[in-house]
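Here is how the chains run, residue by residue.
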Amino acid sequence: MAKRSVVPFGPQHPVLPEPIHLDLVLEDETVVDVVPSIGFIHRGLEGLVSKKDYKEYLYIAERTCGICSFGHGNGYSLAIEKVMGVEVPDRAKYLRVVWAEMNRIHSHLLWAGLMADAFGFENLFYQCWRIREKILDMVELTTGGRLINSVDTIGGVLRDINEDQAKLILNNIRDIETELKAIRDTFLEDYSVQTRTRGVGVLTKQQAHDLGCCGPLARASGINYDMRVLGYDAYGMLDFEPIIGTDGDNYSRCKCRLDEAFQSIDLIRQALTKMPAGEIAVPVKGNPDGESFIRIEQPRGEAVYHVEASGDKFLDRFRVRTPTFANLAGMCETMKGAQYADIPLLVVTIDPCISCTER
Amino acid sequence: MSKSRIMAFTWATMKNLFSKPVTKNYPAQPIQYPEGARGHIEIDIDECISCGLCERNCPPGALKVEKPPKGTWSINRFDCIACGYCVSNCPKSCLHMVTGYQEPMDEKFDYSETRPHMGEEWVKAQAEKVAKAKAIAAQKAAEKAATETK
């Protein structure tokens, strides 16, 4: 048996946008075990419900993460609306889908760029982020913010998308679709990229199931697990099928995410076409009293929101289980048996969001 | 299928060489914000009634309202998260979200505006108003009592 040695990885590392520490147990160049540690950027956001009233807290909830901020605001709003029995107007539901899917595209493109950067394809990295910038411009045009949207409210949304903006979005996403196709072809067909993705970091369907993985990580391993099929917001009124992979390796995860970006473009198109006219929000009076549990699909996977209230303007309890937290165990499993040089790629491959995880 | 995509990227490189850059030449070229972009909060201080609702509903606690006679409205723009919740809570609609971000500084400070016509004269005028209203109320009460006695 080769001599074992422990190599620390992180919390500061060139591939890590956020801090996570891994103790890698190596036998020569092969990783045999991984011990993750988190807790570097815990902010105690859930505890703030005792200091901020439930309407004010929405703006804090959506600042849990900078990339899927709309999803966090949406999940929190849905949880409060469920407790209070608020029926959101149909137009607001469609608008929420449009913004959530824009968030998904820019999150997946951010990931694609970081992935390309991790395997040393700088040109591809810049191409991904160039397309992402166009999405961010559309988000800024319609919501007022590039990453933090602050456009969701309890009972609906605060801003509408007018006809001119809808036309502009439809035109832009057509161009983005063409550009994205070139990116997808490179990720999936280029042989030098495939040397870093094919058969690397395999997570079998059974392992993904046993470790409670979610999102593209689980779907790439063949698990049909997409919370959008529950039909929250307007997803129940749109046509889509979850994108499922088979191999569970880096390649499958790339394919899953890039195909989801195309699916998001299709969903935005459907939502903007089918969106009915009408109100975008209903007034909400009183305080929440009860308990609710909401699951939504964020770019990185399933996010769970639990709210407890007792008729006071301050919530008793708010809990969010974010997708990266669920996927950390899966990430460690993909690393076992991998080469040390593949570790940065395997960290990026789950699309980690440590701010979400630590809240 | 495995093949090389080097030609696709060579084409992209050539295209980039002869096209305008995607990035903006900031700060030489100022950024064009879209209409409705959330940058920072401005107040129309003439309309402000110092109710303090914006201060009570500010998630990061960046706002501070001093009631008359001071009548000031202060914001720490470095703490402000530009969520716009104060704007939606203002009963007089005197708060506005405008484009353009706070420029970086070497220290945090409060930007403050004072309501016009505040100060000692304003206090004296308010006191006179209150005294006049009290006198009218007392006169009415006396007249009512006299009518009831008759």
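Residues numbered from 1 in each chain as written. Chains lettered and ligands numbered in written order. Predicted model: local features only at pLDDT ≥ 70, side-chain atom pairs only at ≥ 80, totals over all residues. Heavy atoms only, no water.

Caption draft 1: Layout of the interface of chain B and chain A. Every contact between the two is made by 26 residues of chain B and, on the other side, 29 residues of chain A. Summing the contributions of chain B and of chain A, the shared interface buries around 2,200 Å²; its carbon and sulfur component is 47%. Between chain B and chain A we count zero salt bridges in total. Where chain B touches chain A, the interface holds seven residue pairs in polar contact (both at pLDDT 80 or more). When residues in the side of chain B that touches chain A are grouped by element, the largest group, five residues, is from helix α1 (residues 6–17) of chain B. (Contact = heavy atoms within 4.5 Å. Buried area = accessible area lost by both parts, 1.4 Å probe. Salt bridge = Lys/Arg side-chain N within 4 Å of Asp/Glu carboxyl O. Polar contact = N/O pair within 3.5 Å; in protein donor to acceptor, adjacent residues only side chain to side chain. Helix = DSSP H or I, 4+ residues; strand = E, 2+ residues; numbered from the N terminus.)

Caption draft 2: Expanded view of the layout of surface pockets. Reported here for the largest pocket is a volume of approximately 610 Å³. Lining the largest pocket we find 19 residues, and of these E133, D137 and R146 of chain A together with K24 and I31 of chain B sit closest to its centre. (1 Å grid on protein atoms, 1.4 Å probe; cavity = no way out; pocket = protein on both sides within 12 Å on 5 of 7 lines; lining within 4 Å. Points joined across faces, edges and corners; volume = space filled by probe spheres on them.)

Caption draft 3: Structural view of the packing of aromatic side chains. Residue and element names in this part refer to chain A. On inspection of all chains with the given rule, the structure shows twelve aromatic pairs over all chains. Relative to Y235, the ring of Y232 lies with its centre 5.1 Å away and its plane at 65°, an arrangement referred to as edge-to-face. Judged on exposure class, the residue Y232 and its partner Y235 are both buried. Every member of this aromatic cluster is reached through a ring pair, and the members are Y57, Y76, Y305 and F318. In this arrangement the basic side chain of R132 is found over the ring face of W129, its NZ or CZ atom lying 5.5 Å from the centre. Over the ring of Y251 we find R198; its NZ or CZ atom is 3.7 Å from the centre of that ring. (Phe/Tyr/Trp six-rings, centres within 6.5 Å; stacked < 30°, edge-to-face > 60°. Buried < 20%, exposed > 50% of the residue type's maximum accessible area, 1.4 Å probe, protein only. Lys NZ or Arg CZ within 6 Å of the ring centre and 35° of its normal.)

Caption draft 4: Region of the structure containing helix α4 (residues 122–143) of chain A. Helix length check: α4 of chain A (22 residues) gives 31 Å between terminal C-alpha atoms against 32 Å at 1.5 Å per residue, within 8%. Of the residues trailing α4 of chain A, G144 of chain A is marked for its positive phi of about 100°. (Expected span 1.5 Å × (residues − 1).)

Caption draft 5: Quick peek at the packing of α4 of chain A against helix α5 (residues 163–189) of chain A. Residue and element names in this part refer to chain A. It is at 10 Å that the axes of α4 and α5 come closest, and there the two elements cross at 165°. With respect to each other, α4 and α5 are oriented roughly antiparallel. Considering how the two elements wind past one another, α4 and α5 form a crossing that is left-handed. Only Q165, L168, I169, N172, I173, I176, E179, L180, I183, T186 and F187 of α5 make contact with α4, whose side of the interface consists of L124, Q127, C128, I131, K134, I135, M138, L141 and T142. (Axes fitted to C-alpha atoms, helices over the stretch in contact; angles between N-to-C directions. Parallel < 35°, antiparallel > 145°, perpendicular 65-115°, else oblique. Left-handed = near helix turned anticlockwise from the far one by under 90°.)

Caption draft 6: Seen up close, helix α3 (residues 90–118) of chain A. Residues and elements named next belong to chain A. Taking 1.5 Å as the rise per residue, α3 with 29 residues should run 42 Å; its terminal C-alpha atoms sit 42 Å apart, in good agreement. Counting buried residues in α3 gives 26 out of 29 residues, a clear majority hidden from the surface. Just downstream of α3, G120 is the residue with a positive phi angle, here 85°.

Caption draft 7: The arrangement of the nonpolar core in detail. Core analysis: the largest hydrophobic core is formed by 108 residues, its most contacted members being Y76 and F187 of chain A. With 15 residues, the top contributor of residues to this core is α3 of chain A. Setting aside residues up to four positions removed in sequence, F187 of chain A forms contacts with A112, M115, A116, F119, L124, C128, V193, Y251, C254 and L258 of chain A. Counting residues in each nonpolar core, the second largest holds 15 residues, with I41, I45, C48 and C94 of chain B among its members. (Core = buried A, V, L, I, M, F, W, Y, C linked by side-chain atoms within 4.5 Å.)

Caption draft 8: Geometry of the sheet that holds strand β2 (residues 21–27) of chain A. All names here are of chain A. Judged by pairing direction, the sheet is antiparallel, and its three strands sit side by side in the order β1-β2-β3 without closing on themselves. The strands lining the two open edges of the sheet, one partner per strand, are β1 (4–9) and β3 (30–37). Across this sheet, the average inter-strand angle for adjacent strands is 25°, counted without regard to direction. Where β2 and β3 come together, seven bridges link them in antiparallel fashion. Pairing of L26 across the sheet is with V31, part of β3. (Pairing = 2+ DSSP bridges.)

Caption draft 9: Just the packing of α4 of chain A against α1 of chain B, in detail. Here α4 of chain A crosses α1 of chain B at 65°, and the two axes come no closer than 11 Å. When you trace α4 of chain A past α1 of chain B, the crossing you get is left-handed. Of the residues in α1 of chain B, those touching α4 of chain A at N123, L124, Q127 and R130 of chain A are F9, A12, T13 and N16 of chain B. Residue composition of the contact of α4 of chain A with α1 of chain B, grouped by class: three nonpolar, four polar and one charged. (Nonpolar A, V, L, I, M, F, W, Y, C, P; charged D, E, K, R; others polar.)

Caption draft 10: Representation of the side chain of N103 of chain A. Residues and elements named next belong to chain A. For N103, the location among the structural elements is in helix α3. Judged by its relative accessible area of 3%, N103 falls in the buried class. Discounting chain neighbours no more than four positions away, the residues touching N103 are I67, C68, S69, F70, N149 and P299.

Caption draft 11: Structural detail: the side chain of Q298 of chain A. Residue and element names in this part refer to chain A. Along the chain, Q298 falls in strand β6 (residues 289–298). For Q298, a relative accessible area of 1% translates into the label buried. Apart from the residues lying within four places of it in its own chain, the contact partners of Q298 are C68, G71, H72, R104, A303 and Y305.

Caption draft 12: Structural view of the sheet that holds β6 of chain A. Residues and elements named next belong to chain A. The strand order β6-β7-β8 describes an open sheet built from three strands, whose pairing is antiparallel. At either end of the open sheet lies a strand with only one pairing partner, and these are β6 and β8 (317–321). Adjacent strand axes in the sheet meet at a mean angle of 10° when their direction is disregarded. One ladder, built from ten bridges, connects β6 with strand β7 (residues 301–310); its direction is antiparallel. Bridge pairing in β7 places E297 opposite E302. On the sheet, helix α2 (residues 69–84) packs against β6, β7 and β8 and is oriented at approximately 150° with respect to β6.

Caption draft 13: Seen up close, the pattern of salt bridges. All names here are of chain A. Tallied over the full model, the rule gives 30 salt bridges over all chains. When the shortest N-O distance is used, the salt bridge between K134 and E179 registers 2.6 Å. Here the residue K134 occupies a position in helix α4, and E179 occupies one in helix α5, the gap between them amounting to 45 residues. We classify E179 as partly exposed; its relative accessible area is 26%.

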